[in-house]
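Structural description and commentary
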4 protein chains.
Amino acid sequence: MQNRIKVGIIGASGYAGAELVRLLINHNKVEIVSISSQSYIGQPLSHLYPTFFGVYDAVLESDLDVIEKADVIFASLPHGYCEKYASICDKQNKVFIDLGADFRLDQEVDYQNWYGLNYNEKELHSKQVYGLTEMNRDIIKDSKLIGNPGCYPTSILLGLYPVLKSKINKTNHFVIDSKSGTTGAGKSLSEATHFPRCNESFHPYKIGDHRHIPEIEQELSKMQGEQITVQFTPHLLPINRGIVSTIYVDLNDNVSKEDVYNAYKIYDNEYFIRVLNEGDVADLKFVKYSNFCDISLHYDKRLHKLVVVSCIDNMVKGAAGQAIQNMNIICGFDETEGLKIVAPAF
Amino acid sequence: MQNRIKVGIIGASGYAGAELVRLLINHNKVEIVSISSQSYIGQPLSHLYPTFFGVYDAVLESDLDVIEKADVIFASLPHGYCEKYASICDKQNKVFIDLGADFRLDQEVDYQNWYGLNYNEKELHSKQVYGLTEMNRDIIKDSKLIGNPGCYPTSILLGLYPVLKSKINKTNHFVIDSKSGTTGAGKSLSEATHFPRCNESFHPYKIGDHRHIPEIEQELSKMQGEQITVQFTPHLLPINRGIVSTIYVDLNDNVSKEDVYNAYKIYDNEYFIRVLNEGDVADLKFVKYSNFCDISLHYDKRLHKLVVVSCIDNMVKGAAGQAIQNMNIICGFDETEGLKIVAPAF
Amino acid sequence: MQNRIKVGIIGASGYAGAELVRLLINHNKVEIVSISSQSYIGQPLSHLYPTFFGVYDAVLESDLDVIEKADVIFASLPHGYCEKYASICDKQNKVFIDLGADFRLDQEVDYQNWYGLNYNEKELHSKQVYGLTEMNRDIIKDSKLIGNPGCYPTSILLGLYPVLKSKINKTNHFVIDSKSGTTGAGKSLSEATHFPRCNESFHPYKIGDHRHIPEIEQELSKMQGEQITVQFTPHLLPINRGIVSTIYVDLNDNVSKEDVYNAYKIYDNEYFIRVLNEGDVADLKFVKYSNFCDISLHYDKRLHKLVVVSCIDNMVKGAAGQAIQNMNIICGFDETEGLKIVAPAF
Amino acid sequence: MQNRIKVGIIGASGYAGAELVRLLINHNKVEIVSISSQSYIGQPLSHLYPTFFGVYDAVLESDLDVIEKADVIFASLPHGYCEKYASICDKQNKVFIDLGADFRLDQEVDYQNWYGLNYNEKELHSKQVYGLTEMNRDIIKDSKLIGNPGCYPTSILLGLYPVLKSKINKTNHFVIDSKSGTTGAGKSLSEATHFPRCNESFHPYKIGDHRHIPEIEQELSKMQGEQITVQFTPHLLPINRGIVSTIYVDLNDNVSKEDVYNAYKIYDNEYFIRVLNEGDVADLKFVKYSNFCDISLHYDKRLHKLVVVSCIDNMVKGAAGQAIQNMNIICGFDETEGLKIVAPAF
């Protein structure tokens, strides 16, 4: 394993961290040299997640162990914890890929308003790159500090990019109705994810108040070159994995259905983005456990409006998978390395 | 049981029909005198639904048996089958409550466009009353021909009625994103409801093309007194019961949050409609197996917009329960008779 | 409501307690005069379980409030808490129905061995009656202190009673493989019932070590008049409700299939026990939310052995429903009062 | 891809066939040269299973196309269809791995009794090898005709092998209580797997009458060198994947707990069999989508009995995965090639 890149995972005991481990142990170009946790130091990860028993029995170390041993550091921590680690990596010229929210927002004021914290190292934040791979591949390549996108934003931004890029939308406001599996709520126990409560249940939450809103509006606005607003309603699906975003688009008067499909041809060479054939409908089932984003387009002739359906696995393309995709780019690997997983058909 | 009203159910082998049986066997004012099926004549209903074993072992008869024996006839059949039965009942002065789509649309042209059939007895259709109980109680009382509302329309119309009644909406177009459990698809086997396909899956269907659209637009337009259009997207939830409709409303500029809550006070005396307290979120979990419609209101101060969340059990308030509620009114019973079911808490 | 019996529920914030509330608010002979909780005093029960919102908004009081106000007291608490309350009720001549484990075991040594506690008031325990209704109806009638059976024991004892009563078993040892929905684990959050962990999962637990074992062996031994042992393995089903017990019986050599079915005719007049027709298989689906126990019998001609499948709803027949059934008997009501619920067919 | 082995799949439109495709497209030593179906000839497999869209869009051909083009042929068909194909392959010296039941039973009389058909080519059947990899590795290596084990038998045989091999069992009869996810029922629509019927349901089926019984008894008897009988009860779990077999073992009087664990050390070098540490419990969750068989041992000191819990993914180790494992052996590849999948942790 001498020639493999040394990678480490801060926060491996959380769901995104554990998913990184699961994907990276089958990645042929890297070696996991250290994993860390704040609550479970000294325990094997396989105690928390028995799936790793006999396959990957490494013991959780400290966050600083990870930084010391690895050259590429993934971090999956609650917001506010990563700035100091990213700063150390910056000084040591190491790659830092943050799966949390600390390096996603360009404007400190947004971070203050939505997360209640300041940017302590403004210089550091000037180096951050928003890791939406398909959009920012060119600048990711030369970056060492990645703010990996949130799960909802990934599904929404990939779904809307061709619309905004082609400027076929009539208004600069979008209604976005998203639904996510329960892994999005993470490993912590909660009433909402207590099985008897969650099972056979369905409801929205944090309506108009979810922290992914500024991230979505920031990136959509950059795509369009104008200020975009979104009415965003996330819902909790009683399943484990996956996000479906149903996005409502008012089309410009002169736009035809063909124009819509043409706009999405921009994805023709993207391995991980599949624009479905007309008549087919995207389903989170067929992206589950994979790094694909499936998109279906539904033109309503009666109302001359468009519905875009965009599906991802929230833990893969919406977190660990996209982070690895970004690492592949930074390290010069094939972008699909370790990510050519096909969703189970059933 | 001499003084009980004689009721019968055409199409008792289907889901809505079987749910009628389940509710009516515990209704203190009626007696089920006949149930019918086209495919299972001669079989006990408990062969199809073992829940009835030992409790209600009646045998399925013919549709005409039902009409002959009962004074109040419920019918749950595919569209196009009920006109002839309703016509017989009309002549015999019997009550006919159709849970299907044959007596919901005021304009024959809508029935032609969306269902591909004509109204053969136009006189008969002039007598039909749209059975959305809380709106049309006064005319239901004196009617003998009820077009019981569709499940999606029930959740949406109850959710939006106070908005349109108070005219606090800015536009006459609404985005409505609905999600339904699988019982909405009925008893017939299908790929979409094959367990390994459906489980851990989620997707929209019939986007902008669902037959409930003309019904929704017709009734919303009547409420507002103007033509309303809706962008309606139903989704299939991998659970058994319940509908959540997430409804997006642009508010008039001068409307305050208080105005919104005041508008919904119109429901203060409605037993089956519960407007939740501010901060609470409607969840289909807590209406499941009950006749309640739970509504929560979410004012987005940042964008001055409103999200209305409306939940029902698709088989109860969205079908069998509302049909019984209508029967209770027509027969002069307490409107809640046989329907005071509380959803299981878990 | 003057003539109604005053009932109260200690521990109404737990699952069995809340289920008692749900069933009792539709019981025509009783009035709930007080409900209590140790952790949520002063809060409406509907805050914990929104299903009660607008229907039953009573506030949780103290345990002693319940005892003071009610004449029939149900208690659903962890073991060790009920002896003192039962003692007060005994002195005040009130009925005390314990849904926990404090009055189920005849021998203090079993309570010591399996629960680690002593019987402090031995006199009190001499008055306890094991509330398996169908077996002990005659002594329940005259008792004021009921130890309501555990959920697993209820399914197993009702399933095996005819075998032991008819002495058609060859051995005094049984293999019992049971599976329960997650409500059996109660309201407390746990790793095992965290949705992403529990969903799409299945596993046994407490193999050979579950506290229901002494209760099962005690009652089976009484039925047979000999010491019975059981190898009992409970499993956690990723669903909300219901227990299936699959029970393996070695038949005496000269027993025929007809003898087996004849043995179960002892249940012919039991409303809540349904012995299915040969060829049908019991399914928890069709007892869910109801007080029924469905039993199917499967004679293996090749091996001359019997499999008994016994299904109940763990929260109803396995807890709150059977407790009410016992109350009905003690109070002289129709045994089915408030319990004629039919399981949803879908 | 010139040096890759040419493989083909007969019956690729079924669940086991599709799972073979999913696993083999990421196998580095083979190339899928043809897939077939009887009902969907000419259609891309991705029409049936959209997960393959854009990844593997091959069109379904005829069964004979597969045999002609491939050197290693997998077949997944209903019983009775494979003898003729195996015969052709035998003559052409091609490898034939049957995932169905046609080459599992040594005695034609068992095939006649349980499947109702004869062995037409008795010579051919003398060449068949039962493909339980860990047991029969040595004879698989030199075989070209593999009867791949059934899903239930795989879980049971791997679970019991060390017991019978060490002869620590007291009796030659076992109670085996198994539970399987719905994919075991395959792609065909059925009442039992209609979502509203299956969801939140649980029940046994084919009690004492399942066709896997002769296969289980045959192989257990070979292990022990004596005739073994099993009381086998399969149950349908309302989840997609996985089998749990709970196996009840009477231990010889002089056997200690240590003897039990020592018996299972026979698996110490088996990559795909994980004997869990004492105190841990096997869960299908952690073998799902993987080729692992997880086994936990539960010694009941009170009764001196043993419970063995054995878990596999029914579609992988119980079908496609084990078939590929056998192919790897026959072709001289590393036995784990293409199968080093780790179950998702959530």
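The numbers attached to residues start from 1 for each chain and follow its sequence in the written order. By the order in which they are written, chains take letters starting at A while ligands take numbers starting at 1. Totals for whole chains, interfaces and linings use every residue, but because this is a predicted model, local features are given only for residues with pLDDT of at least 70 and side-chain atom pairs only at 80 or more, for both listing and counting. For side-chain calculations, the full set of non-hydrogen atoms in the structure is used, while hydrogens and water are omitted.

1. Considerations on the overall build of chain A
- Here a helix means four or more residues in a row that DSSP labels H or I, a strand means two or more in a row labelled E, and each is numbered from the N terminus. Assigned secondary structure in chain A consists of 12 helices and 13 strands.
- The C-alpha radius of gyration of chain A comes to 20 Å, within 12% of the 20 Å expected for a compact globule of 346 residues.
- The C-alpha extent of chain A, read off along each of the three principal axes, is 60 × 45 × 40 Å.
- Only protein chains enter the accessibility calculation, which uses a 1.4 Å probe; a residue is then buried when its area is under 20% of its type maximum, exposed when over 50%, and partly exposed in between. Counting over 346 residues, chain A shows a buried share of 66%.
- By sequence separation, contacts in chain A at least 24 residues apart represent 69% of the contacts at least 6 residues apart.
- Approximately 11600 Å² of chain A is accessible, and the part contributed by carbon and sulfur atoms is 45%.
- Counting 34 positive and 43 negative side-chain charges, chain A places the centres of these two groups 2 Å from one another. C-alpha atoms define the radius of gyration, and 2.2 Å times the number of residues to the power 0.38 defines the globule rule. The contact definition used throughout considers only heavy atoms, calling two residues in contact when any of these lie within 4.5 Å. Methods summary: accessible areas were calculated by the Shrake-Rupley approach with a probe of 1.4 Å, and residue burial reflects only the protein chains presented. In this tally, Asp and Glu contribute negative charge and Lys and Arg positive charge; neither His nor the terminal groups of the chain are included. Here the site of a charge means atom NZ of a Lys, CZ of an Arg, CG of an Asp or CD of a Glu.

2. A few points about the confidence of the model for chain A
- Scored from 0 to 100, pLDDT reflects the predictor's confidence in each residue. Counting all residues, the mean pLDDT for chain A is 97, and 99% of those residues have values of 70 or more.
- Interface predicted TM-score (ipTM) for the complex: 0.97; the corresponding pTM is 0.97.

3. Some remarks on the pairing of strand β12 (residues 293-300) of chain D
Residues and elements named next belong to chain D.
- Burial analysis of β12 places 7 of its 8 residues in the buried class, which makes it a mostly covered element.
- Strands qualify as paired when DSSP identifies two bridges or more between them. Relative to β12, strand β11 (residues 273-275) is paired through 3 bridges, and the arrangement is parallel. By the bridge assignment for β12, Ile-273 is matched with Cys-293.
- Direction of pairing for β12 relative to strand β13 (residues 305-312): antiparallel, over a ladder of 8 bridges. The residue of β13 that forms the bridge with Asp-300 is Lys-305.

4. Side note on the interface of chain A and chain B
- Listed by partner, the interface residues are 48 residues for chain A and 49 residues for chain B.
- Buried area: the accessible surface (1.4 Å probe) lost by two parts on joining, summed over both. Broken down residue by residue, the surface that chain A buries against chain B is led by Glu200(A), Phe202(A) and Gln231(A), which jointly contribute 18%.
- One side-chain nitrogen of Lys or Arg within 4 Å of one carboxyl oxygen of Asp or Glu is enough to make a salt bridge. On the surface where chain A and chain B come into contact, there are 6 salt bridges.
- As a salt-bridge pair, Asp283(A) and Arg197(B) come within 2.9 Å of each other at their nearest N and O atoms.
- As used in this structure description, the phrase polar contact means that two N or O atoms lie within 3.5 Å; if the pair is within protein, one of them must be able to donate a hydrogen and the other to accept it, and residues adjacent in sequence are counted only when both atoms belong to side chains. Remark: the boundary between chain A and chain B carries 29 residue pairs in polar contact (both at pLDDT 80 or more).
- Residue assignment for the side of chain A that touches chain B shows that the elements contributing at least two residues are β7 (173-180), α9 (195-198), β8 (203-204), α10 (212-224), β9 (229-236), β10 (243-250), β12 (293-300) and β13 (305-312) of chain A.
- For this classification, the nonpolar set comprises Ala, Val, Leu, Ile, Met, Phe, Trp, Tyr, Cys and Pro, the charged set comprises Asp, Glu, Lys and Arg, and every other residue, Gly included, is treated as polar. Here the residues of the side of chain A that touches chain B are counted per class, giving 24 nonpolar, 12 polar and 12 charged.

5. A look at the relation of the copies chain A and chain B
- Residues below a pLDDT of 70 in either copy are left out; the C-alpha atoms of the rest, at least 70 in both, set the least-squares superposition of the copies. Here chain A sits on chain B after a turn of 180 degrees about the axis and a move of 0.0 Å along it, with an RMSD of 0.0 Å. Both chain copies can therefore be described as sitting about a two-fold axis. By C-alpha distance to the rotation axis, the residue of chain A lying nearest is Asp177(A), at 3.5 Å.
- The residues that chain A uses at the interface reappear at the interface of chain B in 100% of cases, marking a shared surface.

6. A short note on the relation of the copies chain C and chain A
- Superposing chain C onto chain A requires a rotation of 180 degrees together with a translation of 0.0 Å along the rotation axis, leaving an RMSD of 0.0 Å.
- By residue overlap, the copies meet face to face through one surface: 100% of the interface positions of chain C are interface positions in chain A.

7. Here's the deal with the sheet that holds strand β3 (residues 72-75) of chain B
Residues and elements named next belong to chain B.
- Across the sheet, 6 strands lie side by side as β2-β1-β3-β4-β6-β5; this open sheet has parallel pairing. Two strands bound the open sheet, and with one partner strand each, they are β2 (30-35) and β5 (129-130).
- Relative to strand β6 (residues 145-147), β5 is paired through 2 bridges, and the arrangement is parallel. Bridge pairing links Val-129 to Ile-146 in β6.
- The sheet strands contacting helix α4 (residues 82-91) are β1 (5-10), β3, β4 (95-98) and β6, and the helix crosses β4 at an angle near 160 degrees.
- Geometry is summarised by axes, namely lines fitted to C-alpha atoms with helices restricted to the contacting stretch, and by angles between N-to-C directions that run from 0 to 180 degrees. Packed onto the sheet, helix α12 (residues 316-331) meets β1, β2, β3, β4 and β6 and runs at close to 160 degrees relative to β3.

8. Details of the sheet that holds strand β8 (residues 203-204) of chain C
- On the basis of which strands lie adjacent, the open sheet formed by 7 strands has the order β8-β9-β7-β10-β13-β12-β11 (chain C) and mixed pairing. Of all the strands in the sheet, the pair left with one neighbour each is β8 and β11 (273-275) of chain C.

9. Details of the environment of Asp283(D)
- If you trace the backbone, Asp283(D) turns up in the loop between β11 and β12.
- By relative accessible area, which is 2% here, Asp283(D) ends up buried.
- Through-space distance from the C-alpha of Asp283(D) to that of Glu68(D) is 42 Å; in sequence the pair is 215 residues apart.
- Excluding anything up to four places from it in sequence, Asp283(D) contacts Arg197(C), Ser201(C), Phe202(C), His203(C) and Cys311(D).

10. Some remarks on the interface of chain C and chain A
- Taken together, the contact pairs 19 residues of chain C with 19 residues of chain A.
- Area buried by chain C at its contact with chain A is led by Leu189(C), His194(C) and Phe195(C), which between them contribute 42% of it.
- There are 2 salt bridges connecting chain C and chain A.
- Note that Glu191(C) is salt-bridged to Lys187(A), the shortest N-O span being 3.6 Å.
- There are 12 residue pairs in polar contact (both at pLDDT 80 or more) connecting chain C and chain A.
- Element by element, the count of residues in the side of chain C that touches chain A is highest for helix α9 (residues 195-198) of chain C, at 4 residues.
- The residue makeup of the side of chain C that touches chain A, split by class, is 7 nonpolar, 9 polar and 3 charged.

11. So, the pattern of salt bridges
- Applying the stated criterion across every chain, the model contains 88 salt bridges over all chains.
- A salt bridge links Asp250(B) to Lys305(B), with the nearest nitrogen and oxygen atoms 2.7 Å apart. Taken as a pair, Asp250(B) in strand β10 (residues 243-250) and Lys305(B) in strand β13 (residues 305-312) lie far apart in primary sequence, 55 residues in all.
- With a shortest N-O distance of 3.0 Å, Glu219(D) and Lys222(D) are connected by a salt bridge. Highlighted residues: Glu219(D) and Lys222(D), both in helix α10 (residues 212-224), separated by 3 residues, approximately one helical turn.
- Residue classification places Glu219(D) among the buried residues on the basis of a relative accessible area of 6%.
- What emerges from the salt-bridge pattern is a single network uniting Glu19(A), Arg22(A), Arg241(A) and Asp313(A).

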